[in-house]
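Descriptive structure summary
So you can see what is in the structure, the chains are spelled out below.
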Amino acid sequence: ISNLIRKIRNFQENKWNNEIKKINSKNKEKVVILGSGWGGMHFLINIDFKKYDVTLISPRNYFTFTPLLPCLCSGTLSINVCTESVRNFLKKNGSVGNYLQLECTDIIYKDNYITCKDNDNNEMKINYDYLIIAVGAKTNSFNIKGVDKFAFYVKDIDDVLKIRRKFFENLEKSTLPNTTNEEKKNLLHIVIVGGGPTGVEVAGEFADFVNREVKQNYEDIFNFISISIIEGGKNLLPTFTQNISDFTKYNFRNLNINVLTNYYVTEVNENYFYIQSSIDKSDKKKFPYGVLIWASGLAQTTLVNNLLKKIPQQVNNKILNVDSQLKVIGVESNNVYAIGDCKKIFPLQLQKYTSELIDSLHCSKLTSDTLKSKSEELSEVFPQASKYKWDYDKNKKGEMNEQEFHEYLCKMDENYKSPAPTAQNAKQEAYYLSNVFNNFLTRDKKLTVPSFIEKWKGSLAYIGNHQVVAHLPFYEIKGGFLSFTFWKAVYIQLLMTWKSRATFFFDCIRTKLYGRPFIK
Ligand code: FAD
Ligand code: NAD
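Moving on to the overall build of the protein. Within the protein, the regular secondary structure consists of 18 helices and 27 strands. The C-alpha radius of gyration computed for the protein amounts to 25 Å, which stays within 12% of the reference 24 Å derived for 520 residues, consistent with globular compactness. Overall, the C-alpha framework of the protein stretches about 80 × 60 × 45 Å when taken along its three principal axes. Expressed as a percentage of the 520 residues in the protein, the buried residues total 55%. Partitioning the intrachain contacts of the protein with sequence separation of at least 6 by distance along the chain shows that 66% fall at a separation of at least 24. By element, 50% of the accessible surface of the protein is carried by carbon and sulfur atoms, the whole surface being about 25000 Å². Across the protein, the 69 positively charged side chains and the 55 negatively charged ones have centroids separated by 2 Å.

Below, the structure is given as structure tokens:
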């Protein structure tokens, strides 16, 4: 196996024909990071500025702690908890990194430069030795009519501030003497599209705000307020367990949130949204709304879509494919990497190496146990062979002939799932890659590193009324007295700085004592 792995690695190295630059302290190679989100910022934090000349480029001069954005919609927490200035992370151990407030408009990977524009649309060109693409993804409108124009996304600080502003405007409009009861009902209908974790958390936070502070301050119109969540599939939180989905539905009913599953939103106009049943296509309805929040999943950015068109191996892809070392596939100079939501890992396929594997296993019997015993070594190049990715016991197979062994490898390839687009994976990828950069200085050495394999640490979601659900590796939590405390403990330690932790702590006390604010 070791010989095979060495052979594959040599092949990869030979493909790269450029002269390898030897690094010396005076001539540091230039690493350009695109994006100040989960991937980009954690890469910046961990990369050694003494070894590389590092520049982070992003139109946003701050990092957003996205898991707490739903708490900003309701005002439970303030902006200072969820944001960190990039500039606070540019000095490390006597060395400095650079930040440029620019948006990357094009990647000319064949000539190792990018084009960018500033806030005044002035174009400029920036060279790099290594490029780390961490531009994330945008919310998917699926090109549904009216969504871009009338719905609000929940992607960044500006988005949630817009949601708050619209809701407060509608509250005030509803208190005007000439507003009819019918108009009040429509203005105060908050609709959330998408029952994934983003939609569910926003619905839970809104319900808390409405049932407490709005009820106290807008007594006359409280009864006109309604919250609905529309999900095209049959479950809320479909990536959690069935028990958790059912509990979330039950909790939402107690909070007076209307849950409409198996319905897709098909069109939106200024006052109405249209839905269609996913079971019976002829079942179509329309409802009025006051605030429409869109949380229906992810689509790629224009930058990534344009890059895909330029790389011959990727023209038909919908997302940037990277290999198991996070290098963009099809970039022969091996110096462009992608991490976070903008990429998908497509590892080397085991099935293409069937005969080489058989030769290198040197055993009389080809069984799943033989592969299992070599899984650690194999997963250095083929992450799909890792015990984290393939359940050898569930897929136990006795002696196989060559064809059966090939089919077994095909199944392992098919079973591989690229890391989900989550903050925890973007952060793990950033640490993996920055450690590779810190420990392997030359380009050829970087080609020899083991594959990235994520470790799933579980998922949490706040579902309102101090209830939290958690899908953890060996356990699940469905609300309960301590669940909210657990949630707070997890997030306070995940925050990046003591400033954010202190603000989180004081905001929780402020909300408990004085309620959520009504300022826009
Ligand atoms: P992002 O964090 O989105 O960062 C992208 C960065 O790239 C931004 O700084 C952006 O300004 C910049 N950028 C964009 N285009 C360009 C360009 N052309 N040039 C330069 N820079 C550019 N995940 C979890 O694991 N747990 C959670 O609890 C959780 N909660 C979430 C809650 C919400 C409301 C949302 C929206 C997401 C949540 N996620 C959660 C998912 C998580 O936020 C994403 O998976 C994560 O942000 C991906 O990190 P990223 O670095 O790829 O992209
Ligand atoms: P998602 O893709 O997880 O969920 C979107 C949901 O919207 C899907 O269930 C889909 O069926 C539904 N949908 C799509 N189009 C629709 C339509 N037209 N009408 C009705 N429903 C429609 O998206 P998300 O919730 O934004 O999450 C994005 C990523 O961020 C995921 O990887 C998620 O795990 C992660 N995230 C995690 C957390 C957490 O762990 N607490 C919180 C937020 C986001």
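Mapped onto the secondary structure, lysine 343 falls in strand 24 (residues 343-345). Excluding anything up to four places from it in sequence, lysine 343 contacts Ile319, Leu320, Val322, Leu326, Ala338 and Glu429.

This part covers the sheet that holds strand 14 (residues 189-193). Taking strand neighbours across the sheet as the criterion, the 5 strands line up as 13-20-14-15-16 in an open arrangement whose pairing is parallel. Looking at strand neighbours, the two that pair on one side only are strand 13 (152-153) and strand 16 (257-261), the edges of this open sheet. Contacting strand 14, strand 15 (226-231), strand 16 and strand 20 (291-294), helix 8 (residues 197-217) crosses the sheet at an angle of about 170° to strand 15.

Before going further, it helps to examine the sheet that holds strand 27 (residues 475-478). One open sheet holds the 3 strands; their spatial order is 25-26-27, and the pairing between them is antiparallel. Each edge of the sheet is formed by a strand with only one pairing partner; in this case those strands are strand 25 (459-462) and strand 27. Between one strand and the next, the sheet's axes are offset by a mean angle of 10°, whatever the strand orientation. Across 4 bridges, the pairing between strand 25 and strand 26 (residues 468-472) is antiparallel. Bridge pairing links tyrosine 462 to valine 468 in strand 26.

This brings us to the pattern of salt bridges. Inspection of the entire model under this criterion finds 15 salt bridges. The salt bridge partner of lysine 343 is glutamate 429, with a shortest N-O separation of 3.0 Å. Of this pair, lysine 343 sits in strand 24 while glutamate 429 is found in helix 15 (residues 423-439), placing the two residues 86 residues apart along the sequence. Between lysine 478 and glutamate 476 there is a salt bridge, and its shortest N-O distance comes to 3.9 Å. A single salt-bridge network, built from bridges that share partners, covers Asp208, Arg212, Glu213 and Arg516.

Let's shift gears to the packing of aromatic side chains. The tally for this structure, following the rule as stated, stands at 27 aromatic pairs. Ring geometry for phenylalanine 247 versus tyrosine 250: centroids 6.2 Å apart, planes at 40°, classification tilted. Of this pair, phenylalanine 247 and tyrosine 250 both sit in helix 9 (residues 242-254), separated by 3 residues, roughly a single helical turn. Its relative accessible area of 18% is what places phenylalanine 247 among the buried residues. Classification of tyrosine 250 by relative accessible area gives partly exposed; the value is 48%. One aromatic cluster in this structure is built from Trp38, Phe63, Phe65, Tyr462, Phe484, Trp487, Tyr491 and Phe504. Lying across the ring of phenylalanine 49, lysine 92 places its NZ or CZ 4.1 Å from the centre.

In this section: the environment of asparagine 122. For asparagine 122, the position within the fold is in the loop between strand 9 (113-117) and strand 10 (123-127). In sequence terms asparagine 122 and leucine 102 are 20 residues apart; their C-alpha atoms lie 9.6 Å from each other.

Taken together, 27 residues lie near ligand 1, and Ser36, Gly39, Thr66, Asp341 and Ala423 sit nearest. Contact between ligand 1 and threonine 66: an oxygen atom at 2.5 Å from a side-chain N or O atom of the residue. Contacts to ligand 1 include glutamine 424, whose backbone N or O atom sits 3.2 Å from an oxygen atom. In isolation ligand 1 exposes 1000 Å². Once the protein is present, 86% of that is buried. Listing elements by their share of the shell around ligand 1, those giving two or more residues are helix 2 (38-46), strand 8 (103-108) and helix 15. Considering each element in turn, the shell around ligand 1 owes the most residues, 3 residues, to helix 15. Each residue belonging to the shell around ligand 1 can be placed in one class, and the counts come to 13 nonpolar, 11 polar and 3 charged.

Taking every second residue as pointing to the same face, the buried face of strand 16 carries Ile257, Val259 and Thr261, while none of Asn258 and Leu260 on the other face is buried. Across 5 bridges, the pairing between strand 15 and strand 16 is parallel. Note that in strand 16 the partner of glutamate 231 across the bridge is threonine 261. Each parallel crossover has a hand, and the one from strand 15 via helix 9 to strand 16 is right-handed.

As for its placement among the helices and strands, glycine 35 is situated in the loop between strand 1 (29-34) and helix 2. In this structure glycine 35 comes out as buried when scored by relative accessible area, which is 10%. Residues in contact with glycine 35, not counting those within four places in the same chain, are Gly40, Met41, Leu56, Ile57, Ser58 and Ala134.

Parameters and conventions
Residues numbered from 1 in each chain as written. Chains lettered and ligands numbered in written order. Predicted model: local features only at pLDDT ≥ 70, side-chain atom pairs only at ≥ 80, totals over all residues. Heavy atoms only, no water. Helix = DSSP H or I, 4+ residues; strand = E, 2+ residues; numbered from the N terminus. Rg over C-alpha atoms; globule rule 2.2 N^0.38 Å. Buried < 20%, exposed > 50% of the residue type's maximum accessible area, 1.4 Å probe, protein only. Contact = heavy atoms within 4.5 Å. Areas by Shrake-Rupley, 256 points an atom, 1.4 Å probe, with all protein chains shown as cover. Lys, Arg positive; Asp, Glu negative; His and termini not counted. Charge placed at Lys NZ, Arg CZ, Asp CG, Glu CD. Pairing = 2+ DSSP bridges. Axes fitted to C-alpha atoms, helices over the stretch in contact; angles between N-to-C directions. Salt bridge = Lys/Arg side-chain N within 4 Å of Asp/Glu carboxyl O. Phe/Tyr/Trp six-rings, centres within 6.5 Å; stacked < 30°, edge-to-face > 60°. Lys NZ or Arg CZ within 6 Å of the ring centre and 35° of its normal. Near = heavy atom within 4 Å. Polar contact = N/O pair within 3.5 Å; in protein donor to acceptor, adjacent residues only side chain to side chain. Nonpolar A, V, L, I, M, F, W, Y, C, P; charged D, E, K, R; others polar. Right-handed = clockwise from strand over helix to strand, strands pointing away.

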